Amino acid sequence: VFLCLMAGSTLMAQPTVNGLFYGDGDNALYQPYATSNGGSVLYTYYHAPTTTLYVALVVSHTVNDLVCTPRPNKAYTASATPPWGNHRSCKRGTDSEYAEFTFECAPGSPNSWTWQQALGCALVPGPPPNSWTSAPNPPCGSSTPPATWPPGINASTSWVANINTYQSAAPPTRAWNLYAFGTDIDGGWKSPFVASAPNDVTQVPGYPTYSNTNGMDLFYQWEWSMIYEWALDIGPVGVNCGDQPIFLVTGASHRSPPKMQPPGCPMNDDCFPPPGGDPTLSDFGDLPASYGTTKSVGTRAAATWSTRAGGRSSPSGRRSPRRPASP
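Residues numbered from 1 in each chain as written. Predicted model: local features only at pLDDT ≥ 70, side-chain atom pairs only at ≥ 80, totals over all residues. Heavy atoms only, no water.

1. Regarding the sheet that holds strand β12 (residues 227-233)
Strand order in this open sheet of 5 strands is β2-β3-β4-β12-β9, and the pairing throughout is antiparallel. The open sheet terminates on both sides in strands that have one partner only, identified here as β2 (31-35) and β9 (154-157). Strand-to-strand, the axes of this sheet are offset by a mean angle of 20 degrees, without reference to chain direction. Where β9 lies against β12, 4 bridges are found, and the strand directions are antiparallel. Bridging across to β12, alanine 155 finds its partner in tryptophan 230. (Pairing = 2+ DSSP bridges. Helix = DSSP H or I, 4+ residues; strand = E, 2+ residues; numbered from the N terminus. Axes fitted to C-alpha atoms, helices over the stretch in contact; angles between N-to-C directions.)

Quick look at the structure:
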């Protein structure tokens, strides 16, 4: 998706970059900016007092989600909305999932960065507890071409939030056992379930947005959507975009594989429709006066308006590599 961002806010409230969208109320702050053919939504929020740009890619449940369980328990993933037709282990749901972003202050600006944000990888391989991160690689592995994360970026994902919250909680407070089948992520981990209906994820209170408690005193604290979130100071003490218009590009977004193939997209891709002509920037009046209402270069927009699976050629011809398996 090629975006030209000029939206702003004078409100003091701002999102919390922890990978949650529904779980911490950020959904009341973010504004939708673009919707993919598969229904995934790219949200943005600009906090003028701190010159901070917030971005959240919320993947549609029709494309992918954080419902996972070991292979023998396929009935559980089949109960998701919409259902997983194939087996979906927690390892399969994290070992090559990432979103690629590019942030530029303006087309051709030296202030430009491209990076792949992993859904998550364990800081320390082996059995839990082993805190997870989606931070710049390493530790989440290398990419080709090498990733260039913007200085000072703050990033997280819903998977990182879910697992780190579970591992830091005292066992008596948990509403379910993540390690229901064992401590190995491939053959043992299972997302939230209720004891009375262990093979029906729709019975978990709060599904399919955010499950907090079981209605009593035990906690799930699980965000079901696959969310990639980050924030960046674009002001003078940050990446210093000055009075240039803000150009935000989100590129590769790998699904391995998607639940359902989004219509009109290459296999395993979740693409965005092309913009209608030259997309016009919106001036909300609370940014510095030098931020004028501008138009982007339509040919560039048309050349980058897609969300693509790893390993497939982008419209510009550059290949987007798959993320290496997490430890």
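2. Observations concerning the nonpolar core
Phe101, Phe103, Trp159, Trp189 and Trp230 are the most contacted members of the largest nonpolar core, which has 51 residues in total. Looking at this core, the elements that each hand over two or more residues are β3 (41-47), β4 (52-58), β5 (98-104), β6 (112-118), α2 (158-168), β11 (219-223) and β12. The greatest single-element share of this core, amounting to 4 residues, is contributed by α2. For tryptophan 159, the residues in contact, after removing those within four places along its chain, are Leu66, Cys68, Cys90, Thr94, Leu119, Gly120, Trp132, Ile185, Trp189 and Trp222. Among the nonpolar cores identified, the runner-up in size contains 12 residues, and Tyr43, Tyr45, Val58 and Ile227 belong to it. (Core = buried A, V, L, I, M, F, W, Y, C linked by side-chain atoms within 4.5 Å. Buried < 20%, exposed > 50% of the residue type's maximum accessible area, 1.4 Å probe, protein only. Contact = heavy atoms within 4.5 Å.)

3. Quick word on unusual backbone geometry
The residue after threonine 81, namely proline 82, is reached through a cis peptide bond having omega -15 degrees. Following the sequence through the fold, proline 82 ends up in the loop between α1 (74-78) and β5. Across the junction of tyrosine 207 and proline 208, the peptide omega takes the value 10 degrees, indicating a cis bond. Looking at the secondary structure, you find proline 208 in the loop between α2 and β10 (210-213). Unusually for a residue other than glycine, threonine 51 sits at a positive phi of about 50 degrees. With respect to the element layout, threonine 51 can be found in the loop between β3 and β4. You will see that asparagine 240, though not glycine, has its phi angle at about 60 degrees, which is positive. Here asparagine 240 shows up in the loop between β12 and β13 (246-254).

4. Structural notes on the environment of threonine 148
Tracing the sequence through the fold places threonine 148 in the loop between β8 (132-133) and β9. The spatial distance from the C-alpha of threonine 148 to the C-alpha of tryptophan 115 is 5.4 Å, given a sequence separation of 33 residues. What threonine 148 contacts, discounting residues up to four positions off in sequence, is Trp113, Thr114 and Trp115.

5. Here we look at the pattern of salt bridges
Any two side chains of opposite charge can pair, on the condition that their charged atoms come close. Counting across every chain of the model gives 2 salt bridges. Residues lysine 259 and aspartate 65 are paired through a salt bridge, measuring 2.5 Å at the closest nitrogen-oxygen approach. Note that lysine 259 is positioned in the loop between β13 and α3 (298-304) and aspartate 65 in the loop between β4 and α1, a separation of 194 residues in sequence. Judged on exposure class, the residue lysine 259 and its partner aspartate 65 are both buried. Note that arginine 88 is salt-bridged to glutamate 97, the shortest N-O span being 3.4 Å. Taken as a pair, arginine 88 and glutamate 97 share a single burial class, namely buried. (Salt bridge = Lys/Arg side-chain N within 4 Å of Asp/Glu carboxyl O.)

Treat this as a map of the structure, not an account of what it does.
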